[in-house]
Structure formats: structure tokens, C-alpha cells
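A look at the structure
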Amino acid sequence: MMKKYRILYVDDESDNLFAFKAVFRRSYEIHTALSGHEALEMVENMRFDLVISDQKMPGMTGVALLGQLKERFPDTIRMVMTGYSDLQSIIDAINQGQIYYYIAKPWKADELKLILDKSLETYDLRMKNRELEKANILAQFEILKNQINPHFLFNSMNILSSLILSQPERALKFTNHFAKLYRSVLQLREQLIISLEEELDFVNAFILLQKIRFEDALIIETDIPENALEMSLPPFSLQTVLENAIKHNIVASERPLRIQIMLEGDSLCIKNPLQLRKQVKDSTKTGLQNLLRRYALLGELTPSFGEENEHFVARLPLIESD
């Protein structure tokens, strides 16, 4: 069965509404409103593929209505209709409401039908592209998500193997804490973003695991205001940076590694002094590359990593809560 598009026509003259509905009701699902305010109430409760509004209406002009719709429902096709050949109205309509088409009164049914069909075809293509983009993002997310498990497991098993021979009691304690932490990994890895508070809870468990291995040789200082905890970031972002710092730097009782975690503007700033190991085995740089790709899926925010004043500094942009 062919899809029947839903159109809302807004006009303060009931005769115009009746005529429009009579002509196009066989082709589309037509709804009508006598004012901009009535139209806004309707779009809150029902999704429309296309909204057409008369320009000159009391209380709220068509341009004002469509401008509000653009902000709240940007995907809906918007058209304005008027019997007044006012160039400024046309300019306002295009600028404020991002109007797809400007329709002059009196309209001809066959011409308007072509315009409506063309605009709805554009709407369909836009929605299909949106779905394809979403599917592509989810597919990439699955690939990146599946990298987290092996990377986390590989690093943890390396630590455990080094402890088993030299410090078997610590190895047993490490194993118990690792099992609890890994349960959190399985839960959090399914999400595109989590709150900073959730990430810190996970990181605290991760730090406890590292403390079993390094004891007082690892010092991690956190200074994050409470009002930032509701902001979001991809899961394991902070943990990945901490893991990278521990992997590449000397962590020893005679040379402790101090890592600072703080808020810097709208970013999480992680800083540690450069006390690099001479050689790091099996460094594939998977962690930070994975993190960059996961941020790329979310938009334009990009983490930064680099050396500053004999420190390695990572900045992770935080995402505002909706």
C-alpha cells in the first residue's frame, strides 16, 4: 500500500481550508488549522511530513510559524502561501523559516500538486539518507565497540601474567577485582555515550585495580565540580587515557607517576609528567585511535592529545545533557 503523506495547512480563512482539503484529500492525509497557535499545538501531538501556512494571519504570521517549526521540527518540509506580492515577505520566509517553496495565491490544483509531490519526494530522500547515516554510524560503532573488549582484556591479562609469578597474592586480588570491573565493561560498552558520573565510577574501579599492581607508585588526583557530572562522553574515554599514561610511563616507587584529572572549560583535562619508558612492547595505539573514532561518530567534538611543558595532556570534550 502506497504511503499517504500527512499535510497540515494553516490559514485563518475557513473557506480556504475547506477548498484545499476538498482538492487534495484523495492524495494526502490533510489536516487544517485556523491559526499559528493552533498549528503549534497540533504538531506537538502529531508528526507532519509537510506544513503549508498562509503568510498574512492575525496573531502569528506564516513566516513566524514556520520559523518556530524549523527550530522544533527541522525535518518537516515547510511552505508559505500568500496573495500578496511582497518581496520582503519572500525574503523573510526564506531566511527565517527556510521555506522549501513560496506559493502564490490563487493556486492552481495541478501545479500545486506537482509542487507538493516534488517536495515530499525530497522529504523521503532526506529521511532515507538520515536512516542510512544512522545505520552507518551504528555499524561503525559496533566495530569500535568490539575493539574495546580485546584491548582491555589484552592489557589486563598482561598485567595478571606479570603478577602471577612474582606476586601470587596480588594476582589473586587483581583477578577478583578484574571480574567485577569486566562486568561493568560489558554493560557500558553498549552505549554511545554515558554520563561523566558513570565514567568516573568505572574509572575508580579501574584505578583500584591498578593500585593492586602499583600501590603508592601511582597517584591519581581528581578535581571535578559536581555540576559537571551530568555531562556526557563516550564510555571508557577517561579510562583509555589513564591506561595509555600508565602503559607508556615509568611507574615505580622511586619515581611515582602522578596523573591529574580536572575540568577545563567544557573538556576533561588529564595531565601527567613525561617519564617515558625506553620501550613499550606491543604498542598498537589502538586505544587512542578508537577513542578518536568514537568521538567522530558523535559530531564535531574532537579529543586532543599532546606534549605541553614536559607533560602529556589529553583533553576530552564533554557533551551537554539534553
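Scroll up a little and you will see the structure.
Now for a look at the structure at hand. (Residues numbered from 1 in each chain as written. Predicted model: local features only at pLDDT ≥ 70, side-chain atom pairs only at ≥ 80, totals over all residues. Heavy atoms only, no water.)

1. Section: the pattern of salt bridges
Considering all chains together, one arrives at ten salt bridges under this definition. Two residues, Lys 113 and Asp 117, come together in a salt bridge whose shortest N-O distance is 2.7 Å. One end of the pair is Lys 113 and the other is Asp 117, both in helix H5 (residues 109–166) and four residues apart, which spans about a single turn. Classification of Asp 117 as partly exposed rests on a relative accessible area of 31%. Bridged by salt links that share partners, the residues Asp 11, Asp 54 and Lys 105 form one connected network. (Salt bridge = Lys/Arg side-chain N within 4 Å of Asp/Glu carboxyl O. Helix = DSSP H or I, 4+ residues; strand = E, 2+ residues; numbered from the N terminus. Buried < 20%, exposed > 50% of the residue type's maximum accessible area, 1.4 Å probe, protein only.)

2. Some remarks on a positive patch on the surface
The grouping of Lys 4, Lys 21, Arg 25 and Arg 26 at the surface amounts to a positive patch. Mapping Lys 4 onto the fold places it in the segment before strand S1 (6–10). Looking at Lys 4, the relative accessible area reads 44%, which means it is partly exposed. (Patch = residues over 30% accessible without salt bridge, like charges linked within 9 Å, V, L, I, M, F, W, Y side chains within 5 Å. Areas by Shrake-Rupley, 256 points an atom, 1.4 Å probe, with all protein chains shown as cover. Lys, Arg positive; Asp, Glu negative; His and termini not counted. Charge placed at Lys NZ, Arg CZ, Asp CG, Glu CD.)

3. Some points on a negative patch on the surface
A cluster of acidic residues, Glu 197, Glu 198, Asp 201, Glu 226 and Glu 230, forms a negative patch at the surface. Mapped onto the elements of the fold, Asp 201 is located in helix H7 (residues 196–214). Relative accessible area serves as the criterion here: at 51%, Asp 201 is assigned to the exposed category.

4. Focus: the packing of aromatic side chains
Counted according to the given criterion, the structure contains six aromatic pairs. Ring centres of Phe 20 and Trp 107 lie 6.0 Å apart, and the angle between their planes is 80°; on these two criteria the pair is classed as edge-to-face. Remark: Trp 107 occurs in the loop between strand S5 (101–104) and H5 and Phe 20 occurs in helix H1 (residues 14–24); sequence separation between them is 87 residues. Looking at Phe 20, the relative accessible area reads 0%, which means it is buried. Look at Phe 202 and Phe 236: their rings are 5.2 Å apart centre to centre, the planes differ by 70°, and that puts the pair in the edge-to-face class. Of the two residues, Phe 202 sits in helix H7 while Phe 236 sits in the loop between strand S8 (232–233) and helix H8 (237–248), which places them 34 residues apart along the sequence. Members of the aromatic cluster, connected to one another through ring pairs, are Tyr 9, Phe 20, Phe 24, Tyr 28 and Trp 107. (Phe/Tyr/Trp six-rings, centres within 6.5 Å; stacked < 30°, edge-to-face > 60°.)

5. Examining helix H2 (residues 36–45)
For H2, the full list of buried residues reads Gly 36, Ala 39, Leu 40 and Val 43. Buried positions in H2, seen along its axis, are confined to an arc of 100° and lie on one side of it. Relative to its buried face, H2 has exposed residues pointing more than 90 degrees away, namely Glu 41 and Asn 45. (Arc of directions from axis to C-beta.)

6. Points about the packing of H2 against helix H3 (residues 62–72)
It is the contact of H2 with H3, at a shortest axis distance of 10 Å, that shows an interaxial angle of 20°. Classified by the interaxial angle, the pair formed by H2 and H3 is roughly parallel. Along this stretch, H2 crosses H3, giving a crossing that reads as right-handed. Every residue of H3 that contacts H2 at Gly 36, Ala 39, Leu 40, Val 43 and Glu 44 is listed here: Leu 65, Gln 68, Leu 69 and Arg 72. Here the residues of the contact of H2 with H3 are counted per class, giving five nonpolar, two polar and two charged. (Axes fitted to C-alpha atoms, helices over the stretch in contact; angles between N-to-C directions. Parallel < 35°, antiparallel > 145°, perpendicular 65-115°, else oblique. Left-handed = near helix turned anticlockwise from the far one by under 90°. Contact = heavy atoms within 4.5 Å. Nonpolar A, V, L, I, M, F, W, Y, C, P; charged D, E, K, R; others polar.)

Geometric values such as these leave the question of function open.
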